[in-house]
Structures are given as C-alpha cells and as structure tokens.
Amino acid sequence: MASFKEQLEALCMQNDPPPCAAECPFGLDVRAFVAHLKRGAFAAAYRMYRDATAFPGIVSRVCPHPCEGACVFAQRNGAISLRELERAAAAHTPNPRPNRYNLPKRKERIAVVGAGPSGLACALRLASKKYAVTVYERGARRGGSLRGLLPDEALDAELDMQFMHETVEFRYETEVRDLSELDAEAIYLATGRGGDAFGMTLSGTGACASGREGVFLGGGLVGRDPVAAIADGLTAARAVERYLKTGGRNEPFRDGSTRFHPDPALLPAPAPAVAPGEGGYTPEQAVAEAQRCRECRCDACVTYCDLMRSNQKYPSRLEEEVTTTIEPVSLSRKARLATRLIAACDHCGLCKAVCPAGIDTGAFLLESQRKMQELGAMPWAFHEFWLRDLEFANGEAWLCLSPSETKTPRYLFFPGCRLSGSSPELVERSFDALRTVAPDSAVLLGCCGAGASWAGRTELHEAVLERLRAAWRSLGEPTPVFACMSCRREFARYLPEMASVSLYEVLDEGFPVPKRGAGETVSVFDPCSSRDWPDAQRAVRSLAEKAGWRLEPLRMEGKYARCCGWGGHVALSNPGYASDVTKSRAGEGDAPYLAYCANCRDVFASAGKRAAHILELLFSAPDWERKAPTASESRDNRRALKRRLQERFTPGEVTPMEEPKIRLSIAPELLTKLDRDHLLREDAEAAVLRCEESGRFLRDPETDSRAGHAQVGNATVWVEYRAAGEGFELLNAYAHRMRIVEGHDNG
Amino acid sequence: MAEREMLCGKCGCPLEPRRVDFEYLGHVFFADAPRCPKCGEVYLSEELVRGRVAEVEMELENK
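Criteria and thresholds
- Residues numbered from 1 in each chain as written.
- Chains lettered and ligands numbered in written order.
- Predicted model: local features only at pLDDT ≥ 70, side-chain atom pairs only at ≥ 80, totals over all residues.
- Heavy atoms only, no water.
- Contact = heavy atoms within 4.5 Å.
- Buried area = accessible area lost by both parts, 1.4 Å probe.
- Salt bridge = Lys/Arg side-chain N within 4 Å of Asp/Glu carboxyl O.
- pLDDT = per-residue confidence, 0-100.
- Pairing = 2+ DSSP bridges.
- Helix = DSSP H or I, 4+ residues; strand = E, 2+ residues; numbered from the N terminus.
- Buried < 20%, exposed > 50% of the residue type's maximum accessible area, 1.4 Å probe, protein only.
- Domains from an automatic or database assignment.
- Polar contact = N/O pair within 3.5 Å; in protein donor to acceptor, adjacent residues only side chain to side chain.
- Nonpolar A, V, L, I, M, F, W, Y, C, P; charged D, E, K, R; others polar.
- Core = buried A, V, L, I, M, F, W, Y, C linked by side-chain atoms within 4.5 Å.

Student: Help me understand the interface of chain B and chain A, please; the structure alone is not making it clear to me.
Tutor: Bring the parts together and some accessible area is lost; that lost area is often taken as the interface size. Listed as interface residues are 38 residues of chain B and, on the opposing side, 40 residues of chain A. Overall, the association of chain B and chain A removes approximately 3500 Å² of surface from exposure, summing both partners, and the carbon and sulfur fraction of that is 52%. A per-residue breakdown of the area chain B buries against chain A is headed by E41(B), E61(B) and K63(B), which together make up 17% of the total. Our count for the chain B to chain A interface comes out at six salt bridges.

Below you can see the structure in the form of structure tokens.
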C-alpha cells in the first residue's frame, strides 16, 4: 500500500490551480490577481497581469476569456468577469508604463522571424532581459494577425508603450530565405499561420523546441490563435533562455490541467454580477466584482477539520512534521516536535469525508500514534486516564448476561461504557425495551476498546477485541445492538465479522414511542461516529419526531457530522484545544441538542449547552440541564448498573460489593475539582491509605491536617486531609506527571 | 499564599529546602524543594505543582 506521502503526492489537490487559472492561456494566478483588486490595488494587479501577458492592452481586449466559462459561478449568478477586471486593472493603474530595468547587456544574439503576436512577445521578453534581439519581418509593419482584431491606434499605442524602454532591431520588408543567413545564437520562428517553417517541426522534447539546436517555433505557425500565440512567444522566450544558459531544449510544457473542481454546493451563492458601464468598470465597480470571487482552492480539509484549521496546516505539512517526529533527523529527542499534534486528532473521520480525493489524514495520524507508542515516545499522560477506565470497564464493571433460557440470543445489547456511566437507568430501560422486541436478548457491559485504539496501544487493543469476540461466540454469535455509535464504529472496523445494528433502528421499528414533547424545537447532534450509518441517523430523527419534537437541522450533520471534542481523548493532551472544539460545536445551533452519544451529551452539558440523550425522550422526561457525571460518579453508576442487572436476572451471582479500605469523605465541590484534573475518588483514597499505612506524611502544626503523596499509575497524587470521625476528610488533592525519585536524599 | 510551615509526620522536624530528584519521560533532573532533613520526606505545594511543575512537564512533552 502506498505511504501517506505517496498518496498525497498522487491525490492531494492543494496545489492544483482553480479551473479559471488552468484554462488561462497564460496561466495567470487569478486568485492573486483578484486579491489585489479586492483591496483596490490596481497598480499591483496590473503589474501582475502585464508580467503574465506581455501586452495587457491587447490581451484584455482580444482574449476569448475561457476562464469565465470555467468559473464555478458561470451557471449561478454569472461568472466573475475577468475580462472587465483585466480592463479595469489597465484602466485604473496609476502608471501603465513598463518598468525600466537597469541590467547589464547580454552578448547573445537572438533572431526572431516574424513580427506578429508571438514574435513580438518573445522579442519583448528577451529584450527586457537585455539580450540582443533582431526581428525580421517580411511586411512593412509589426502586428501580424493582431491587425483587425482591435483598432490600429490602440494596437500601435500598446506596442510602442511596451517596447518603450527596450532596444530591439526591427528589420521590416526583410524576407528570410535561409536560416543560415541569420547571425544569431538562437532563432525563434514565428512566421504566422501558413508561414515558412524552414523545414522545422515541433520535436516534442520541450516547449517550442524544433529538431534543430537553437531553433524554436510557435504561434500561428503551429496553429495557435493570436492570444495563444502571445503565450507561445513568452514560453519560447523561456525556452531560448534555458537553451542559452544550459544548452537544453527541454523547457517544460505548460500544464493547463487541474483536478480541482470546486463544489458549488459548498460555496455560498455570490452576489449578482456587476454590470460595467460603457467605459468599463469604475474602480468601485471593479472592487465589487472582484469581491464576488471566492478565490477557489482545494481547502476543505483545512476549513472543516478542527486540527488542521486551528494549526493552519494542510495534510502535506502535517505529514512532514509527523514523519520527522516519528523518525527524527537528529539523534536528539528534541526533534519530536509534533507529539502533541499527533495526539490532537479526534479520529472523527471528517477530513476524509470532505476531501474530494478521499484522503484519510486521520488514519495516518492514528497509525502515527501506534508508531509513537511502539517507540515509547508518546507521553503516558496523554492516554493513561482513559486506559485505566478501560481496565475498569472490562474488569470490575464487565458483565455478560443472557437472561433468557435460550443459549443463542438474537440480540446482544452493547450500551457502551459512557452511557452506562452517565445514565445507567437508561441502559436498563433500553434493555427492557429491546426485550419487548426480542425477548431473548442478552447484554454486555464493557468497553469497545476505542481508548486503546486511539492511544495506539496495539497489544492492549487486540486483547480487548479477543475478549469481546470470545463473549460474542459464547452466546452463539448474536447481532450486537449498539446505543453508542463510537462502539459500533470500532466493532465495524476491528470486528467486521459481527453484523451490527443500532438500538435506534430496532426501537424505531418495533417499539411504541410515547409522545412526550409538544413540538419544541431541538437539533439532532449526530456523533461523528455515526457518519457512515445514515440508517441510524434517520432512525434517531424518526424517534424524536414520533416523541413530539420538531427538528432544526445543523449545517454540518449526517455525512459531515463533527466531533463534539471528546474523540481521541484529546482533552488529556490538548485540554484548551478540546474545550475550544466543544465550545465551537455548542455554538453551531441555537436549539438544545438532542444527542445519541452519551459523550456528546455530557461534554455539551459540561460546556453549559442544553442537551439530552434521545433515550431520555423515549423513557423519561428529558432534563436538558442535567449535569455530566464526574469520572468517579461514572464508575459508581457502572458498578450499580452491573449489580442491578445481576440482582434482576441472575440473583444468585451478584458480585459482592468491595468495602473501601479507607473511609474518606469528599465534599461535592472538591470531587468536581478532582474531576477537572482527571483524578478519581479512589486515587485520593489510595494516596491517603499509603500515607497512613506507611506513616510517611507531613503535618501542618496549625491545623493538624496532613499532607502526602502516592504513585497512582504513573501519576503522583497529593492529598491534604484530616481525621474525621472513624475515617478521614479530604481537604485538597492535586497531581503531577513527573515522578519523585524516592529514597534518594542528597541532603 | 504564604508557604505553610510543615513538619515531617514521622520525624517531627521542620522541612528544609533540599535537593529532590525527578524523572519524567526518560529525563532526570533535580530541584530544591522542602524536605525532611532526617528521612527525606518531600512536600510539593499545590501552587508549585500547578505552576513550575506543570510548565516543566509541558516542556518535556513537547520535546
């Protein structure tokens, strides 16, 4: 399989020109030209246009402007009128005269045969570089096929002006019969349509190159129209110069192609085209017309992906930084500059969904996570909190239970660890509802392994998958029913042998939905993990409408659903960034959000956005302002859910509750503070226990409180506490990532 | 917030600024922090942890 870099080189259109510029015979950088006009910089726009076309006064009048036909707005309120903008640039520039460059003369002599558009363009460009140019013209004046296309006065005035600072010898009424007559190091044949080619043809080895060294041909002679002939003359000037400097005849051909075709649906409708007066646009009109231009470029990734947008980095730049982080060019660790960036991907998949070439930058970043883990170069702190949660979910909180008599249940309900932690009662109600549809349903409380996958911990991830596979097989391979779309996405990706369905599709088909709403407006917030499951997205909307709510669509939903900020566990490595993403998502709709991912609901609730889970609408009166549980409460909820299901369905097998080894009371506000630092109640308990058991603590003589620390996982947790009743009261807790090297007293 | 006068719970001594060694992500370094002169028990205040300690951690993670 091609590396990501190779994929980018083959497919990424970041550097492809917009269709207008691709169509332009001169390859004018239309975006830059228009950008000058937008700010009223007529001089800069004109200079740029003159550099591209050599004769702006001619080209702006006679060019057929294929750019306008290629404009994304050609069929929608009218193409951007580049013809009029070009004329306006020439008309409103404060000084249309060419610059005078004081360059040393070059000794090489160049003969140009034919003073038509192509010969003139070539002669002008080479003369401006101070080559000794002689133009041989059979007729009595210059202009060739341009005569008749615009009034003679205008043509002559433009030619006089553009040649005003250059020394070119024009030999009129001089017919060249044999090229050996010409005393020159290089020759450009531009004798026009039907003119003498002196037996030369285009060799195909380079732009304008003939089969003979030093002889080039182009323009009407090779079938170009007058405008393309001018462009040919400029190309020929480059080809001649390359030949004189290097001896090569391989000037690149102009590549007038582009793969990039903007999707008009993604662009807001432009204002109607500005109609020019008789003399063309006034400066104000030109600026207004320029402002209609969207300066199209292929930038959907950097527009819609939060990570690329906030870092202002295209995939090619990300690739470079990430690759040098994984394989530093120096032996020093200092080169691993993109470590935090790699950990900032929320794995939402939007980059691939919006990329017209389907480039999957997220998959590259996930693979990079794995490589960083293999190298031991990813800081443990970026993932450990959630890996410990995974351990809890698949350890103490794990439950696989099949209440019916059958050994092979039809459905296996997989509510996911987040919903179980946030709303255990909804899990229970959902399971009951599922059992009304299929009484032989089983339930599995556990983690899908997303945390291990996001952390790039391949071995741990494999172990989680193997355990899930074994549980599924032991139940006769039932169809998993998912309440969490992230779990479903993980299963689809890593356990493809299991054909799955979402809880919402099952409920929408077979469950009588009570009508609780009274037409209030809400917006369904599709979790990013639902992107590839349009049936689930439809089912949720259908359930919400049946339940009595009116739906207001969000701009980015369905296939283009965006991450709420929780994905990838980014808050551990990039807390400010994750919180900005959540705030941004919360602001994308005015109505309360109806989520069907417990993470989305909880992060919005924490950010102060009114949000509810779709299951609340079905099974209870939704509380749009319910707080998100702390991580400690989430664990308690999952323990309680497991017990509750055991008590109901397998009363003989209820797991006994573990008594905490220490009684530690924690005020609710303090628990919230711990939660913000990703500390659990049990972490504080472990630290107090360690202090008390070892007798290693510090004492504040004024308050008689104690303080001390303990290693919990890789973190060092500090507690301040005091004795209270039969146990202790926690006064404060905090943690750090660096480890104190114990038992080393350098006093 | 004034630095609290802490005593070692085990030895009863007032703490004194002494060298403490730290390790993070393979980097080993040291700094002075309040320590029991007898048994070496260390105290890092919340202010220090949220300030300088967090800064150093961030720097090392970005290397």
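Next comes the rest of the write-up.
Student: Please explain the confidence of the model for chain B as it appears in this structure.
Tutor: Detailed reading of predicted coordinates is not advised where the pLDDT is low. The predicted model of chain B has a mean per-residue pLDDT of 91, with 95% of residues at 70 or higher. Confidence metrics for the complex model read pTM 0.85 and ipTM 0.96.

Student: So what exactly am I meant to see when it comes to the sheet that holds strand β15 (residues 664-665) of chain A here?
Tutor: Sheets are built from strands paired through backbone hydrogen bonds, the pairs being either parallel or antiparallel. Strand order across the open sheet formed by six strands is β15(A)-β19(A)-β18(A)-β17(A)-β16(A)-β1(B), with mixed pairing between neighbours. Both outer strands of the open sheet, β15 of chain A together with β1 (7-8) of chain B, are each paired with one neighbouring strand and no more. For strand β16 (residues 698-700) of chain A and β1(B), the ladder comprises two bridges, and the chain directions are antiparallel. Bridge assignment links L698(A) to a residue of β1(B), and that residue is C8(B).

Student: Is there a simple way to explain unusual backbone geometry in this structure?
Tutor: Across residues other than glycine, the phi torsion is negative in most instances, and most of the peptide bonds are trans. Residue and element names in this part refer to chain A. Positive phi, normally seen in glycine, also occurs at C208, with a value near 65°. With respect to the element layout, C208 can be found in the loop between β4 (186-189) and β5 (215-217). Of note in the backbone geometry, H678 takes a positive phi value of approximately 55° without being a glycine. Among the secondary structure elements, H678 is positioned in the loop between α31 (668-676) and α32 (681-694). The partly exposed category is assigned to H678, whose relative accessible area is 26%.

Student: Please explain the domain arrangement of chain A as it appears in this structure.
Tutor: All names here are of chain A. In terms of domains, chain A is made up of domain 1 (10-96 + 262-290), domain 2 (109-234), domain 3 (300-375), domain 4 (384-640) and domain 5 (664-736). Computed from C-alpha atoms alone, the centre-to-centre distance between domain 1 and domain 2 is 28 Å. Counting residues at the interface gives 18 residues for domain 1 and 20 residues for domain 2. Both sides of the domain 1 and domain 2 interface together cover about 1400 Å² of buried area, and 79% of this is carbon and sulfur. Between domain 1 and domain 2 we count zero salt bridges in total. Inspection of the domain 1/domain 2 interface yields two residue pairs in polar contact (both at pLDDT 80 or more). Within the residue set of the side of domain 1 that touches domain 2, elements represented by two or more residues are α4 (42-53) and α5 (56-62). With six residues, α5 is the single largest residue contributor to the side of domain 1 that touches domain 2. Grouping the constituent residues of the side of domain 1 that touches domain 2 by class yields 13 nonpolar, two polar and three charged.

Student: Explain the pairing of strand β8 (residues 442-445) of chain A to me, please; I cannot follow it from the model alone.
Tutor: Consecutive side chains along a regular strand alternate between the two faces of the sheet. Residues and elements named next belong to chain A. Burial of the side chains of β8 extends over both faces: A442 and L444 are buried on one face and V443 and L445 on the other. Where strand β6 (residues 399-401) meets β8, three bridges bridge the pair, whose relative direction is antiparallel. For C400, the partnering residue across the bridge sits in β8 and is L444. Bridge count between strand β7 (residues 411-414) and β8: two bridges; the pairing is parallel. Within β8, the position partnered with L412 by the bridge is A442.

Student: Hey, could you run me through the pattern of salt bridges in this one?
Tutor: For side chains of opposite charge, pairing can occur when their charged atoms come near one another. A complete count under the given rule lists 64 salt bridges over all chains for this structure. In this structure, E321(A) engages R317(A) in a salt bridge whose closest nitrogen and oxygen atoms are separated by 2.9 Å. A residue pair is termed a helical-turn pair when its members lie 3 or 4 positions apart in one helix, as E321(A) and R317(A) do in helix α14 (residues 315-326) at four residues. R50(B) is the partner of E46(B) in a salt bridge, and the nearest nitrogen-oxygen pair spans 2.8 Å.

Student: Hey, could you run me through the nonpolar core in this one?
Tutor: All names here are of chain A. Among the nonpolar cores identified, the biggest contains 77 residues, and F26, F33, F55, I58, L85 and V133 are the most heavily contacted of them. The element that contributes the greatest number of residues to this core is helix α10 (residues 226-246), accounting for 10 residues. Each of domain 1 (10-96 + 262-290) and domain 2 (109-234) contributes no fewer than three residues to this core. Not counting the four nearest positions on each side in its chain, V133 is found in contact with I110, V112, A123, L126, A127, V168 and E169.

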